[in-house]
Amino acid sequence: MMMSYRQEYPNPQFERKNWQNLNGEWDFGFKKSERGFSFSTDENRAIDVHKNSKYPYKINVPFCMESTLSGIGYTDFVNMVWYRKSVLIKKGKSRVFLHIGAADYLTTVLVNAKPAGRHTGGYTSFRFDITDFVKDGENEIFILCEDCVSNPLVMRGKQSERKKSHGCDYTRTTGIWQTVYLEYVPQNYIKDFKIYPDPQNCNVTLWADFAGTENFSCEILYKGIPVGTLNCPNICGSRYFQINLSEKHLWEPGCGRLYDLKMTFGDDLVSSYFGLRNIRLDGFKFLINEKSVFQRLVLDQGFYRDGIYTAPDEQALLYDIELSIHLGFNGARLHQKVFEPRFLYHCDRLGYIVWGEYASWGLDYSKSESVAVFLREWAQAVNRDFNHPSIIGWCPFNETWNYRGRKQYDPLLSCVYDYTKAVDPTRPCIDTSGNFHVKTDIYDVHDYNDNAELFKKNFDKLVTDNVLYEHVLVDNPGRQKYSGQPVFVSEYGGIKWQSDKTVKSWGYGEDVKTPEEFAFRYCTLTRVLLSNKKMFGFCYTQLYDIEQEQNGLYTYTREKKFSDAIYSQIKKVNSSPAAIED
């Protein structure tokens, strides 16, 4: 038997006690890539694969087949993978939900050979009510995942569309890559909820959606002490509730003061938490609880050498945050991936600020058809992660350059921006990080100039003339126009210092020759941004190396690349006061 990884409850923000982890060994098979592959339009393909295919392998879920931790390690192109597991279920009078944290890309589930649900999208969590398909005792769960990274309406993020990794694209992830589990729920239950904290008035507004009619109660605690209660009889449908708090404890960067939330709806008990904080833009300043916060961010892409998209254990998730904080960063830009809820929980707990992004690369954003495709998946990501206090902004797209010579379809970006602001008016939204902006709250830029003097000139006119030099417009005139929004440099640096001599590595700018030269370039570039009175943050590329991209501050296995003296210089400049915070 394979060792079972990732046994912790996957979503602390929506936690029930009665659950069953299905990670571990599953029967497994796959089909290599073929010309002319197309996705199935219904469950018939899954039924056919279930009937006629073999299971020559054992795979360790939740790791994708390309990873070493999966027990497979096959990294060539694959169009279909399938899983089978016999599961002992004690159903009783409960409803039974099958949860899949994420599976790439089109997932079809059969339970005891009957279609139980389908989901499209490789990065968002989903669940199926399988109550009517299961019985007490042994049950068979079959999962088929179809994928095709070359399809222009499939978002792949940083998964390579070539056979091998190249540039800033890395090993692919096919099939299941987050925890699979069962949840046993009463017939009447809490379907969903959203939390709207109000620090000024020391209260919280709770929206909840219910299945059935029951008495509803809610208790809020801070460090085990009750600070707010609510009791409502005969609740059904969806409702808003306001709960006053007897104690105010603000959630702040570096201080993740969390309130515990316990909700009861009849026999359904759900545990959650929230942070008391608000966000708003004030001129060029980014305010958290009315305090100007300079965002000292680092790019985090969520890759692991042995698990690829999946961390080997919870400690690995926490360790990346700790590495970042140790170097004086107060947050991260979570890049081209929807990170798992357990990672976000530790961000919430530690007061580590992050930007929520989607894995938009691979999508043909020049076509109008992309609007429906993107919105479907993005809506699921925003809904799932809405309650995390650590998420201080949304950024659905990254660098929408020309797609095979075709310009972006601007209504795609404006429509996604409008949707995001409609469902979440509490956070700012960047339409597309770097370029080409259409409708945005913040005008962020990417600048990998390695000369500090020239780098400074790029942004001096922002202070003197309220004009933002935009290097991407030299070859792309008329694509975007700065109109006075708040600004930060959401990618810079990317300085290469090779740690793995077995790969042909790359980074941004001219190669440095010594660790001391690395530290000097890092510090001079960073000081430019800290000293700019109209700059509210930076994001350095990147926290750790990934495969051939060797521009991390640590190795791919999170080991040190530099001496303690070099890291001390980096931490010192990161922790320096910023002009906009005065």
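A brief structural summary. (Residues numbered from 1 in each chain as written. Predicted model: local features only at pLDDT ≥ 70, side-chain atom pairs only at ≥ 80, totals over all residues. Heavy atoms only, no water.)

### Some details on the overall build of the protein
No. 1: Check the secondary structure of the protein and you find eight helices and 31 strands.
No. 2: Taken over C-alpha atoms, the radius of gyration comes to 24 Å for the protein, in line with the 25 Å a tight globule of 582 residues would show.
No. 3: Sorting the 582 residues of the protein into buried and exposed places 61% on the buried side.
No. 4: A total of about 22,200 Å² of accessible surface is found on the protein, and carbon and sulfur atoms cover 50% of it.
No. 5: The average position of the 70 basic charges and that of the 73 acidic charges among the side chains of the protein differ by 1 Å. (Helix = DSSP H or I, 4+ residues; strand = E, 2+ residues; numbered from the N terminus. Rg over C-alpha atoms; globule rule 2.2 N^0.38 Å. Buried < 20%, exposed > 50% of the residue type's maximum accessible area, 1.4 Å probe, protein only. Areas by Shrake-Rupley, 256 points an atom, 1.4 Å probe, with all protein chains shown as cover. Lys, Arg positive; Asp, Glu negative; His and termini not counted. Charge placed at Lys NZ, Arg CZ, Asp CG, Glu CD.)

### Some thoughts on the sheet that holds strand β9 (residues 126-129)
No. 1: The antiparallel open sheet is built from four strands, whose spatial order is β1-β12-β5-β9. The strands lining the two open edges of the sheet, one partner per strand, are β1 (19-21) and β9. Each strand of the sheet is rotated relative to its neighbour by a mean of 20 degrees, with strand direction disregarded. (Pairing = 2+ DSSP bridges. Axes fitted to C-alpha atoms, helices over the stretch in contact; angles between N-to-C directions.)

### Overview of the nonpolar core
No. 1: Counting residues in hydrophobic clusters, the biggest one holds 106 residues, and the most contacted among them are Trp 355, Phe 374, Leu 412, Tyr 492, Tyr 522 and Met 535.
No. 2: Considering each element in turn, this core owes the most residues, eight residues, to helix α7 (residues 515-530).
No. 3: Residues in contact with Phe 374, not counting those within four places in the same chain, are Met 155, Tyr 358, Ser 360, Leu 363, Pro 396, Phe 397, Leu 412 and Val 416. (Core = buried A, V, L, I, M, F, W, Y, C linked by side-chain atoms within 4.5 Å. Contact = heavy atoms within 4.5 Å.)

### Brief notes about the pairing of strand β23 (residues 295-300)
No. 1: For β23, a buried count of six out of six residues is recorded, marking the element as mostly surrounded by other parts of the structure.
No. 2: Relative to strand β31 (residues 535-541), β23 runs parallel, the two sharing four bridges. Its bridge partner being in β31, Leu 297 is matched across the sheet by Cys 539.
No. 3: Taken together, the four bridges between β23 and strand β24 (residues 331-334) define a ladder with parallel strand orientation. Its bridge partner lying in β24, Leu 297 is registered against Gly 331.
No. 4: Taken together, β23, helix α2 (residues 314-326) and β24 form a β-α-β motif whose crossover is right-handed. (Right-handed = clockwise from strand over helix to strand, strands pointing away.)

### A closer look at the packing of aromatic side chains
No. 1: Evaluation of the coordinates by the stated rule reveals 53 aromatic pairs.
No. 2: Relative to Phe 459, the ring of Phe 455 has its centre 5.4 Å away and its plane inclined at 80 degrees; by these criteria the two rings are edge-to-face. Taken together, the residues span about one helical turn, with Phe 455 and Phe 459 both in helix α6 (residues 452-464) at a distance of four residues.
No. 3: Classification of Phe 459 as buried rests on a relative accessible area of 1%.
No. 4: Geometry around Phe 386 places Arg 427 over its ring, the cationic atom sitting 5.6 Å from the centre. (Phe/Tyr/Trp six-rings, centres within 6.5 Å; stacked < 30°, edge-to-face > 60°. Lys NZ or Arg CZ within 6 Å of the ring centre and 35° of its normal.)

### Points about the environment of Met 263
No. 1: Relative to the assigned elements, Met 263 resides in strand β18 (residues 258-265).
No. 2: Residues Met 263 and Cys 218, spaced 45 residues apart in sequence, show a C-alpha to C-alpha distance of 4.5 Å.
No. 3: In this view, Met 263 contacts Ile 190, Phe 193, Leu 206, Phe 216, Ser 217, Cys 218, Asp 268, Leu 269 and Val 270; residues no more than four positions away in its chain are not counted.

### Some points on empty space enclosed by the protein
Rolled over the atoms, a probe sized like a water molecule indicates the empty space that remains.
No. 1: Applying the stated criterion to the full structure yields three cavities of 30 Å³ or more.
No. 2: Counted as a void, the largest cavity has a volume near 80 Å³.
No. 3: Lining the largest cavity are 13 residues; nearest its centre among them are Val 338, Phe 339, Gly 356, Glu 357 and Asp 385.
No. 4: Broken down by secondary-structure element, the contributors of at least two residues to the lining of the largest cavity are β25 (353-357), α4 (370-385) and β26 (391-395).
No. 5: Looking at the lining of the largest cavity residue by residue, the classes come out as nine nonpolar, one polar and three charged.
No. 6: What the second largest cavity holds in volume is close to 50 Å³.
No. 7: Lining the second largest cavity are Trp 177, Tyr 304, Tyr 309, Thr 310, Ala 311, Leu 317, Lys 337, Phe 339, Glu 340 and Phe 343.
No. 8: A class-by-class count of the residues in the lining of the second largest cavity yields seven nonpolar, one polar and two charged. (1 Å grid on protein atoms, 1.4 Å probe; cavity = no way out; pocket = protein on both sides within 12 Å on 5 of 7 lines; lining within 4 Å. Points joined across faces, edges and corners; volume = space filled by probe spheres on them. Nonpolar A, V, L, I, M, F, W, Y, C, P; charged D, E, K, R; others polar.)

### Regarding the pattern of salt bridges
No. 1: Scanning the entire structure with this criterion turns up 30 salt bridges.
No. 2: Linking Asp 129 and Arg 95 is a salt bridge whose minimum nitrogen-to-oxygen distance equals 2.9 Å. Of this pair, Asp 129 sits in strand β9 while Arg 95 is found in strand β5 (residues 95-100), placing the two residues 34 residues apart along the sequence.
No. 3: We classify Asp 129 as partly exposed; its relative accessible area is 29%.
No. 4: One salt bridge in this structure joins Arg 156 and Glu 161, with 3.7 Å as the shortest N-O distance.
No. 5: Linked through salt bridges whose partners overlap, the residues forming this network are Arg 6, Glu 8 and Glu 340. (Salt bridge = Lys/Arg side-chain N within 4 Å of Asp/Glu carboxyl O.)

### Things to note about the packing of α7 against helix α8 (residues 564-574)
Two packed helices can be described by the angle between their axes and the distance between those axes.
No. 1: Contact pair α7 / α8: the axes reach a minimum separation of 9 Å and the direction vectors enclose 0 degrees. Judged by the inter-axis angle, α7 sits roughly parallel to α8. Between α7, through Pro 515, Glu 516, Phe 518, Ala 519, Tyr 522, Cys 523, Thr 526, Arg 527 and Leu 530, and α8, the contact on the second element is made entirely by Ile 566, Gln 569, Ile 570, Val 573 and Asn 574.
No. 2: Grouping the amino acids of the contact of α7 with α8 by side-chain chemistry returns nine nonpolar, three polar and two charged. (Parallel < 35°, antiparallel > 145°, perpendicular 65-115°, else oblique.)

### Digging into the layout of surface pockets
No. 1: When its volume is computed, the largest pocket comes out at roughly 640 Å³.
No. 2: Asn 11, Phe 14, His 99, Ser 125 and Arg 384 are the residues nearest the centre of the largest pocket, which is lined by 26 residues in total.
No. 3: If you list the elements that add at least two residues to the lining of the largest pocket, you get β5, β9, β12 (180-185), β13 (189-198) and α4.
No. 4: Residues of the lining of the largest pocket, tallied by class, amount to eight nonpolar, 10 polar and eight charged.
No. 5: One number sums up the size of the second largest pocket: a volume of about 290 Å³.
No. 6: Split by residue class, the lining of the second largest pocket holds seven nonpolar, four polar and four charged.

### Remarks on the packing of α4 against helix α5 (residues 410-423)
No. 1: Viewed as axis vectors pointing N to C, α4 and α5 meet at an angle of 25 degrees, and their least axial separation amounts to 10 Å. Judged by the angle between their axes, α4 and α5 are roughly parallel. When the axes of α4 and α5 are compared, the crossing they make is right-handed. Of α5, the residues touching α4 (which contributes Ser 370, Val 371, Phe 374, Leu 375, Trp 378, Ala 379 and Val 382) are Leu 412, Cys 415, Val 416, Tyr 419, Thr 420 and Val 423.
No. 2: Looking at the contact of α4 with α5 residue by residue, the class counts come to 11 nonpolar, two polar and no charged. (Left-handed = near helix turned anticlockwise from the far one by under 90°.)

### Quick notes on the side chain of Lys 496
No. 1: Tracing the sequence through the fold places Lys 496 in the loop between β30 (487-493) and α7.
No. 2: Among the polar contacts made by the side chain of Lys 496, one reaches the side chain of Asp 511 at a distance of 3.4 Å. (Polar contact = N/O pair within 3.5 Å; in protein donor to acceptor, adjacent residues only side chain to side chain.)

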